[in-house]
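Here is what each chain is made of, one letter per residue.
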Amino acid sequence: GAGVSQSPRYKVAKRGQDVALRCDPISGHVSLFWYQQALGQGPEFLTYFQNEAQLDKSGLPSDRFFAERPEGSVSTLKIQRTQQEDSAVYLCATATGEGGYEQYFGPGTRLTVT
Amino acid sequence: AQSVTQPDIHITVSEGASLELRCNYSYGATPYLFWYVQSPGQGLQLLLKYFSGDTLVQGIKGFEAEFKRSQSSFNLRKPSVHWSDAAEYFCAVSSPEDYKLSFGAGTTVTVRA
């Protein structure tokens with residue numbers, strides 16, 4: 001496709017449920033990032049992939065958060081046992097080449113935990 | 001660690017007037033600087049970027065920004081604002097050593113007729 005796509009666009013989960021958020025990158029983009037954007041705040045880094053390798057997961061807030069990119073293309077961010085504080089917009093961004101200095105963002109998935 | 005400060009939470013400007021959004025960064029070496037715009041329900045769109053060279057950079061939609069190392073600033077400007085410029089604007093920084101973007105808290109721009 002022409003840009004980064006994310007699905008679902010909106011997700012409502014009951015506290016304690018597991019959720020999976022999908023990111024389809026721009027074709028050929030090597031670098032893939034996940035960010036979390038709380039209401040009224042700027043995005044905050046969660047994790048970074050270069051192809052299928054997860055090179056940085058320093059921003060993941062707890063061990064309930066897990067991300068994968070098994071074939072170096074589509075990525076999934078999984079949150080286990082969701083909590084209310086997980087409510088946020090989750091943004092995926094991709095970039096050509098290593099390092100990914102110019103990042104292109106998807107529309108995000110808005111997660112609401114009730 | 002790198003960080004970004006956007007001092008103005010909300011700016012209201014009349015259509016046709018000029019706009020300047022402030023951004024200050026904290027980083028020891030040469031930063032890579034970005035401005036993104038986010039409209040309601042939309043993802044972030046890159047307006048412009050600075051990596052090196054000419055400190056005045058031109059972007060899309062008539063925006064420009066100036067990198068001032070002495071002031072650790074990267075302010076965004078537009079000479080004449082259109083109603084469609086109403087959105088939230090984010091300044092961000094990364095570096096050759098740290099590819100992840102660090103964002104400011106954002107500035108909301110309201111355009112009045």
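Keep in mind that this is a model prediction, so the values were computed, not measured.

A. Seen up close, the sheet that holds strand E1 (residues 5–7) of chain A. Residue and element names in this part refer to chain A. Pairing is antiparallel across the open sheet formed by four strands, whose spatial order is E1-E3-E8-E7. Every other strand in the sheet has two partners, leaving E1 and strand E7 (65–68) as the edge strands with one partner each. On average, adjacent strands in this sheet sit at an angle of 15° to one another, irrespective of strand direction. Examined bridge by bridge, strand E3 (residues 19–24) and strand E8 (residues 75–79) share five bridges and lie antiparallel to one another. The residue of E8 that forms the bridge with Arg 22 is Thr 76.

B. Local environment of the packing of aromatic side chains. As enumerated under the stated definition, the model contains 19 aromatic pairs over all chains in all. Residues Phe 33 of chain A and Tyr 35 of chain A carry aromatic rings whose centres are separated by 6.2 Å and whose planes lie at 25° to one another, so their mutual orientation is stacked. A single burial state applies to Phe 33 of chain A and to Tyr 35 of chain A, both of which are buried. Ring geometry for Phe 90 of chain B against Phe 103 of chain B: centres 6.3 Å apart, planes inclined by 90°, an arrangement best described as edge-to-face. Residue Phe 90 of chain B is found in strand E10 (residues 87–95), and its partner Phe 103 of chain B is found in strand E11 (residues 98–103); the two are separated by 13 residues along the sequence. The pair formed by Phe 90 of chain B and Phe 103 of chain B is uniform in burial state, with each residue classed as buried. Ring-pair connections join several aromatic residues into one group, and the members of that group are Phe 33, Tyr 35, Phe 45, Tyr 48 and Phe 105 of chain A together with Tyr 32, Phe 34, Tyr 36, Phe 51, Phe 90, Tyr 99 and Phe 103 of chain B. Just above the ring of Phe 45 of chain A sits the side chain of Lys 100 of chain B; from NZ or CZ to the centre is 5.1 Å.

Parameters and conventions
Here, residues in each chain are numbered from 1, in the same order as that chain's written sequence. Just so you know, chain letters begin at A and ligand numbers begin at 1, following the order they were written in. Restriction of local features to residues with pLDDT of at least 70 applies here, the model being predicted, together with a cutoff of 80 or more for giving and counting side-chain atom pairs; totals for whole chains, interfaces and linings are based on all residues. Side-chain descriptors were evaluated using all non-hydrogen atoms of the structure, hydrogens and water having been removed beforehand. We call two strands paired when DSSP finds no fewer than two bridges between them. Note on conventions: DSSP H or I runs of at least 4 residues are helices, E runs of at least 2 residues are strands, and numbering of each starts at the N terminus. A fitted line through C-alpha atoms represents every axis, and for helices the fit uses only the stretch in contact; the resulting angles, taken between N-to-C directions, go from 0 to 180 degrees. In this scheme Phe, Tyr and Trp rings, the latter by its six-membered ring, pair at centre separations within 6.5 Å, and the angle between planes marks the pair as stacked below 30 degrees, edge-to-face above 60, and tilted otherwise. Each residue gets one of three labels from its accessible area relative to the maximum for its type: buried under 20%, exposed over 50%, partly exposed in between, using a 1.4 Å probe on protein chains only. Placement of a positive charge over a ring is assigned whenever Lys NZ or Arg CZ falls within 6 Å of the ring centre and within 35 degrees of the normal to the ring plane.

Interpretation note: all reported values are geometric properties and have no functional meaning in isolation.
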